[in-house]
Structures are given as C-alpha cells and as structure tokens.
Amino acid sequence: MDNYFNSHGNKNVTNIGVNKAPIINFATQIKIPSNVVSPNGFTGRNTELAELQKLKNEGDAAFVLHGIGGIGKTELARKFIQNVAENYESHIEINMLGMSDDYLTTENAMLQIVRMFDSEFNDFKNLKSAFIQFINQQKTILFLDNVLDKQQAESLNITNAFLIVTTREHFVLHGGKSVPVQKLSEEDAVELIFSISGEENISDGEAKQLASLADYMPMAINPLASILAEDVTESAENLIRLYSDKINLLQLHDTRHDDLTVAATFDLSYQRLSDELKLKWAKLSVFHSSFDIDAVLTIWNDKDGQKHLSYLVKHNLVNFDKSENRYDLHDLIRVFMISKLTAAE
C-alpha cells in the first residue's frame, strides 16, 4: 500500500491502525468519491482561511473547527476544502448528526464511507480494514461535519487522510489543531448581506444595522438578506423593524435562549410563509441527512413539490447541492421545524 503521506509532512501517519490492516480484494469496480458540498453564500473569512492554510503547510493533518451553532463552521470547512481540493484525489463529506439522538456510530460512518468506494460492500467483519484500505489507497480529504464529541471523531482518525471536523465542542485530535470559529466581522457580514440582497435593496447603514441585530451570525443573516432579494415589496427599514421586534419578543419568552438571533430569523421567515408552505417546510424535519426530490414528493404528496422546494431554497431555508442534486436542512433549522411540526400536527 502506498503511504504517500510519509513524504508529505503529515503528522498523522503514526496513528494506530494505519499500516496494520490486512489487504482486502474487492470484486467490484472501485469509485473515487467526491461529495463535498460547495460552500453556500460564503464571503470573507480571509484571515481564518489563511490560518488554516498555514497550519496545513506546517504539517497539521486534523483540524477541529469549533464554535456555536449557526456561526458558519460548515461553510468555512467547505470553502477551505474547495481551496485545496486539487491536491486530493477523493473528497468525502459525512454528516455525523452530532446534534441528533440518532448520531452516527463509528461503524455506520465507516460503512457510509466504504460504500462510497464500493456500493456493494457487505463484508462487515472486515469493515475497519476496508475503511483504512480505501482511504489510504489515494490522497483523501475527509470532512466530518456536525461531530458530537472527541470520541466520535477520534475513532475515525485512523487513516492517512487529511481530516477536518466541525463541532460545538472544544477538543484536539491526534496530529492536528483545534481552531475556534468566531462570528463574522462587520465588514464580512455587510458583504454577505450585499451578495444576497443586492446593494440596490439596502443601504450601507441599514446593512450594518441588520448585521448587528443578527449578531454577525451567517445562519441568521442569509434568510434575512434573501427576503430583501426575493420580495420587492419589502423595504430594508421595515425588515429591520420586524426583526428587532421578533428578537425582543423571543427575549421576553426565553432570556436564556442560546441561538436568539438565529431563532428570530427562522421565526420571521416562517411567519411569512403560507400555511401550506409552513407545513411543508416543517415536514422536511423528518430527514436526518440529505434527501432528493423524490423523497420530498413522497412526504408532501404534492405534484407541485419542486416549485415549493425551489422557493424554500431561494429563501435560504433549505440547502441545495447542485452537483449531487440533493437537499438538506441545517441542524438548527431542523430543531426549529420539529417544534413547528409538532404544533401543526
């Protein structure tokens, strides 16, 4: 087996199990996976990207990007992967479902990854060996999104892959560094608003005010800016007033809410939907991972489902990966929508 990383300064090569897995012969044609989603609505973060590149150049091989929910960890990871993708043969993204009661076990994550290479794999006795063999046979970048804790990530840190983890917890993995992800700067937040809404729909002063109200959180900013982009009848001045009122109302009900500005954005977006679309958006919370249009049409039982789903995507309420033709909900949106689905049902 070619341990190419031995000559690439990767600090992870001494990890247990890297060179000890038995060679397994596979009957099927092996695929080279590349399923990392393109960054959505990403602007700025030049300082963070430069720091990650510096750490990588110094030989660190496992990044743990940690921070509060909605701060932009996933999109930062995807942007960095996009920047370095040409240096790798396979690019793998796995949602570890760390915020869900049904978070991925080590075995389930390994099986997902192995089946990206060999869709017919069922030799469960040799699952770990197959995982190590597949990852080590080509230069791989492995992105574990939404990780629960160190144990969940470290159990998969046993190959020569370059590993990137996003999590709300602060920990360090073998061979790497822990990197805190902060809120956007005012400059980056305003640039993000303009990139979505268009500068003709909001002034610089109003953009700064909206960014401040959103606490410089990308997850709060994206849907707000989309309202201005998609609704020609809505003014920035009125949106700021409505959003401020929504935040104040939520503060009265729950002064300890961790994601107040994000929750206010979701609630404001939800109230702007028709009753039919409210229920459809809420029903998407049944999906714990990415999904396709056929799955949506099944649970919606709606021949116009594509039109309604496109509306939610345009308003940054559902994510869409064009390269894979699949959709997904951010875990914060999913939690919010579960509460709405319970109320609606």
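For the structure, see preceding data.
Here we summarise the structure given alongside this text. (Residues numbered from 1 in each chain as written. Predicted model: local features only at pLDDT ≥ 70, side-chain atom pairs only at ≥ 80, totals over all residues. Heavy atoms only, no water.)

## Overview of the overall build of the protein chain
(1) Moving on: Along the protein chain, the regular secondary structure elements total 14 helices and seven strands.
(2) Moving on: Burial statistics for the protein chain: of 345 residues in total, 53% are counted as buried.
(3) Moving on: Sequence-distant contacts, at least 24 apart, represent 69% of the contacts inside the protein chain between residues at least 6 apart.
(4) Moving on: Carbon and sulfur atoms provide 47% of the accessible area of the protein chain, an area that totals close to 16,300 Å². (Helix = DSSP H or I, 4+ residues; strand = E, 2+ residues; numbered from the N terminus. Buried < 20%, exposed > 50% of the residue type's maximum accessible area, 1.4 Å probe, protein only. Contact = heavy atoms within 4.5 Å. Areas by Shrake-Rupley, 256 points an atom, 1.4 Å probe, with all protein chains shown as cover.)

## Details of the environment of Glu51
(1) Moving on: In this fold, Glu51 is placed in helix α1 (residues 46–57).
(2) Moving on: In sequence terms Glu51 and Val179 are 128 residues apart; their C-alpha atoms lie 9.1 Å from each other.

## Topic: the sheet that holds strand β3 (residues 140–147)
(1) Moving on: What the five strands build is an open sheet, ordered β2-β3-β4-β1-β5; its pairing is parallel. Two strands in the sheet have a free side with no partner beyond their single neighbour: β2 (90–95) and β5 (176–180). Averaged over all neighbouring strand pairs, the angle between strand axes comes to 15°, with direction disregarded.
(2) Moving on: Pairing geometry for β2 and β3, over six bridges, is parallel. Of the residues in β3, the one forming a bridge with Ile92 is Leu142.
(3) Moving on: Most of the contacts of α1 go to strand β1 (residues 62–66), to which it runs at about 155°, and overall it touches β1, β4 (162–167) and β5. (Pairing = 2+ DSSP bridges. Axes fitted to C-alpha atoms, helices over the stretch in contact; angles between N-to-C directions.)

## Some details on the nonpolar core
In globular proteins that are soluble, nonpolar side chains generally tend to be buried together.
(1) Moving on: One finds Leu65, Ile164, Tyr243, Trp281, Leu284, Leu312 and Val318 to be the most contacted residues of the largest nonpolar core, which totals 70 residues.
(2) Moving on: No other element matches the seven residues that helix α8 (residues 218–230) contributes to this core.
(3) Moving on: Once you skip the residues sitting within four places of it in the chain, Tyr243 turns out to touch Leu210, Leu213, Ala214, Ala220, Leu224, Thr261, Ala264, Thr265 and Leu268.
(4) Moving on: One finds Ala109, Phe121, Ala130 and Ala153 within the second-largest nonpolar core, a separate group that totals 32 residues. (Core = buried A, V, L, I, M, F, W, Y, C linked by side-chain atoms within 4.5 Å.)

## Considerations on the side chain of Asp145
(1) Moving on: For Asp145, the location among the structural elements is in strand β3.
(2) Moving on: Despite being buried, Asp145 has no salt bridge partner; Arg78 is the closest side chain of opposite charge, sitting 4.6 Å away.
(3) Moving on: Side chain to side chain, Asp145 and Thr166 meet in a polar contact 2.4 Å long.
(4) Moving on: Non-local contacts of Asp145, meaning those with residues more than four positions away in its chain, are made with Thr74, Ile94, Asn95, Met96, Leu97 and Thr166. (Lys, Arg positive; Asp, Glu negative; His and termini not counted. Salt bridge = Lys/Arg side-chain N within 4 Å of Asp/Glu carboxyl O. Polar contact = N/O pair within 3.5 Å; in protein donor to acceptor, adjacent residues only side chain to side chain.)

## Some thoughts on helix α4 (residues 127–136)
(1) Moving on: The buried fraction of α4 amounts to nine of the ten residues, a majority that puts the element mostly inside the structure.
(2) Moving on: Within the span of α4, buried status applies to Leu127, Ser129, Ala130, Phe131, Ile132, Gln133, Phe134, Ile135 and Asn136.

## Thoughts on the packing of α8 against helix α10 (residues 260–271)
(1) Moving on: The contact between α8 and α10 brings their axes to 8 Å, and the two run at 30°. Considering their axes alone, α8 and α10 lie roughly parallel with respect to each other. Where α8 crosses over α10, the handedness of that crossing is left-handed. Between α8 and α10, the residues in contact are Met219, Ala220, Pro223, Leu224 and Ile227 and Thr261, Val262, Thr265, Phe266, Leu268 and Ser269, respectively. (Parallel < 35°, antiparallel > 145°, perpendicular 65-115°, else oblique. Left-handed = near helix turned anticlockwise from the far one by under 90°.)

## Description of the packing of aromatic side chains
(1) Moving on: In total, this model carries eleven aromatic pairs according to the counting rule given.
(2) Moving on: Taken together, a centroid distance of 5.2 Å and an interplanar angle of 90° make the contact between Phe63 and Phe162 edge-to-face. Highlighted residues: Phe63 in strand β1 and Phe162 in strand β4, separated in sequence by 99 residues. This pair shows no difference in class: Phe63 is buried, exactly as Phe162 is.
(3) Moving on: Considering the side-chain rings of Tyr270 and Phe336, the 6.2 Å spacing of their centres and the 85° angle between planes classify their relative orientation as edge-to-face. Taken as a pair, Tyr270 in helix α10 and Phe336 in helix α14 (residues 331–344) lie far apart in primary sequence, 66 residues in all. (Phe/Tyr/Trp six-rings, centres within 6.5 Å; stacked < 30°, edge-to-face > 60°.)

## What about helix α13 (residues 305–314)?
(1) Moving on: Along α13, the residues that are buried comprise Gly305, His308, Leu309 and Leu312. Buried positions in α13, seen along its axis, are confined to an arc of 100° and lie on one side of it. (Arc of directions from axis to C-beta.)

## Comments concerning the environment of Gly70
(1) Moving on: Looking at the element boundaries, Gly70 is found in the loop between β1 and α2 (73–84).
(2) Moving on: Residues in contact with Gly70, not counting those within four places in the same chain, are Met217, Pro218, Met219, His330 and Leu332.

## A word on unusual backbone geometry
With the exception of glycine, most residues fall at negative phi, and the peptide bonds are largely trans.
(1) Moving on: Unusually for a residue other than glycine, Asn146 sits at a positive phi of about 60°.
(2) Moving on: Of note, the phi angle at Asn316 is positive, near 60°, even though the residue is not glycine.
(3) Moving on: Of note, Asn316 is situated in the loop between α13 and β6 (319–321).

## Some words on the pattern of salt bridges
(1) Moving on: This model, assessed by the stated rule, comprises 18 salt bridges.
(2) Moving on: We note a salt bridge from Arg272 to Glu234, for which the minimum N-O separation is 2.9 Å. Residue Arg272 is located in the loop between α10 and α11 (275–283), and its partner Glu234 is located in the loop between α8 and α9 (236–253); the two are separated by 38 residues in the primary sequence.
(3) Moving on: Residue Arg272 is classed as partly exposed on the basis of its relative accessible area, which comes to 31%.
(4) Moving on: The exposure class assigned to Glu234 is buried, which follows from its relative accessible area of 12%.
(5) Moving on: One network of salt bridges, in which partners are shared, links Glu75, Arg78 and Glu93.

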